[in-house]
Amino acid sequence: MLRIGLTGGIGSGKSTVATLLAQRGAVVVDADRIAREVVEPGTPGLAAVVAEFGSGVLTAEGALDRPALAAVVFGDPAARARLDAVVHPLVRARAAEQVQAAPPDAVVVQDVPLLVETGQAGSYDLVLVVETDLGTRVARLGERGLPAEDARARIASQATDEERRAVADVVLRNDGDRAALEAQVERFWAERVQPALG
């Protein structure tokens, strides 16, 4: 099994790279998707979040109210650390289950937005970083409905490009079009993945 850690800042295009790798046969384990699953209604994860932050982080239907929770934790590092202490172990456990379920000869790509921030770089055979200039990231987040000021604050709360580069085996630049990114993914697959598989 070849384990690849895929990371990059919010709005960098990580999800697009994950999709391109999946098209080449990789098994993708998506930490963001898992993070949503572990706090779905009825889960121990949601119960733990409510126990930590109160019922004000729930919608009227009893689901997690993400904007309400973000308002509580985003500007408060201590509150964010409390949330991370609840959610991160659940995400890691579920991700480990998905990795174990993959075939022994699989290329497993773990899409981990906070790979650098959580000190996980050493857990992978290769670390692949997607990097995009700030203006492009802010514009992409704006297209998703995030105001520019909020987008810049979220970007600033994450690891810097320099911190990500420090742990990267390969950096993909995603400032061009999809075809340019796809060409870089194809080169990564040919030069780094296939030789590692023998």
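The structure reproduced in this document is the subject of the present report.

### As for the nonpolar core
Grouped together as the largest cluster of nonpolar side chains are 22 residues, with contacts concentrated most on V49, F53, L64, L69, L83 and V87. Sorting elements by how many residues they give to this core places helix α5 (residues 77-101) first, with 7 residues.

### Notes on the packing of helix α3 (residues 44-53) against α5
Contact geometry for α3 and α5: axes closest at 10 Å, N-to-C directions at 165°. Taken as axis vectors, α3 and α5 run roughly antiparallel relative to one another. The element α3 and its partner α5 pack so that their crossing is right-handed. Of the residues in α5, those touching α3 at G45, A48, V49, E52 and F53 are A79, R82, L83, V86, V87 and L90. Looking at side-chain class alone, the contact of α3 with α5 contains 8 nonpolar, 1 polar and 2 charged residues.

### Structural notes on the side chain of Q158
Structurally, Q158 can be placed in the loop between α7 (148-157) and α8 (161-167). A distance of 2.9 Å separates the side chain of Q158 from the backbone nitrogen of I10, its partner in a polar contact. Among residues more than four places away in sequence, those in contact with Q158 are G9, I10, L114, E117, R137 and R164.

### Regarding the pairing of strand β4 (residues 126-131)
The buried fraction of β4 is high, at 6 of 6 residues. The pairing of β4 with strand β5 (residues 170-173) spans 4 bridges and is parallel. What sits directly across from V130, in β5, is L172.

### Structural notes on the sheet that holds strand β1 (residues 2-8)
Here we have 5 strands laid out as an open sheet, ordered β2-β3-β1-β4-β5, and parallel in their pairing. The sheet terminates laterally at β2 (27-30) and β5, the two strands that pair on one side only. Neighbouring strand axes in the sheet, compared pairwise and without regard to direction, differ in orientation by 25° on average. One ladder, built from 5 bridges, connects β1 with strand β3 (residues 107-111); its direction is parallel. Bridge assignment links L6 to a residue of β3, and that residue is D111. The strands that helix α1 (residues 14-23) touches are β1, β2, β3, β4 and β5; relative to β1, the one it contacts most, it runs at about 155°.

### Focus: the pairing of β3
Note on strand geometry: in a regular strand, side chains alternate between the two faces of the sheet. Among the 5 residues that make up β3, 5 are buried, leaving the element largely enclosed by the rest of the structure. Residues V107, V109 and D111 of β3 are buried on one face, and the alternating residues V108 and Q110, pointing to the opposite face, are buried as well.

### Section: the packing of aromatic side chains
Evaluated as defined, the whole model comprises 0 aromatic pairs. Here the basic side chain of R154 rests over the ring of F74, its NZ or CZ set 5.6 Å away from the ring centre.

### Re the packing of helix α4 (residues 66-73) against α5
Interhelical geometry of α4 versus α5 gives an angle of 130° and a closest axis separation of 7 Å. The angle between α4 and α5 places the two elements in the oblique class. Residues L69, V72 and V73 of α4 form the contact with α5, whose own contacting residues are A79, R80 and L83.

Cut-offs used in this document
- Each chain has its residues counted from 1, following the order in which its sequence is written.
- For a predicted model such as this one, the threshold for reporting local features is a pLDDT of at least 70, and the threshold for listing and counting side-chain atom pairs is 80 or more; totals across whole chains, interfaces and linings nevertheless cover every residue.
- With hydrogens and water set aside, each side-chain value is computed from the structure's full complement of heavy atoms.
- We define a nonpolar core as any set of buried Ala, Val, Leu, Ile, Met, Phe, Trp, Tyr and Cys residues linked to one another through side-chain atoms lying within 4.5 Å.
- Here the term buried applies to any residue with accessible area under 20% of the maximum for its type, exposed to any over 50%, and partly exposed to those in between, with areas from a 1.4 Å probe on protein chains only.
- Secondary structure follows DSSP: runs of H or I at least 4 residues long count as helices, runs of E at least 2 residues long count as strands, and numbering of each begins at the N terminus.
- Axis definition: a line fitted to C-alpha atoms, limited for helices to the stretch in contact. Angles are taken between N-to-C directions and run from 0 to 180 degrees.
- Note that the term roughly parallel is reserved for angles under 35 degrees, roughly antiparallel for angles over 145, roughly perpendicular for angles of 65 to 115, and oblique for everything else.
- Crossing handedness: left-handed means the near helix sits turned counterclockwise from the far one by under a right angle, and right-handed means the same turn made clockwise.
- Contact criterion: two residues are considered in contact whenever any of their non-hydrogen atoms come within 4.5 Å of each other.
- Under the grouping applied here, Gly and all other residues not named as nonpolar or charged are polar, the nonpolar ones being Ala, Val, Leu, Ile, Met, Phe, Trp, Tyr, Cys and Pro and the charged ones Asp, Glu, Lys and Arg.
- As used in this structure description, the phrase polar contact means that two N or O atoms lie within 3.5 Å; if the pair is within protein, one of them must be able to donate a hydrogen and the other to accept it, and residues adjacent in sequence are counted only when both atoms belong to side chains.
- Pairing between strands is defined by DSSP: at least two bridges between the two strands are required.
- Between rings of Phe, Tyr and Trp, where Trp is taken as its six-membered ring, a pair exists when centres lie within 6.5 Å; planes separated by under 30 degrees are stacked, by over 60 edge-to-face, and by other angles tilted.
- Remark: a charge is flagged as sitting over a ring if the NZ atom of Lys or the CZ atom of Arg is within 6 Å of the ring centre and within 35 degrees of the ring normal.

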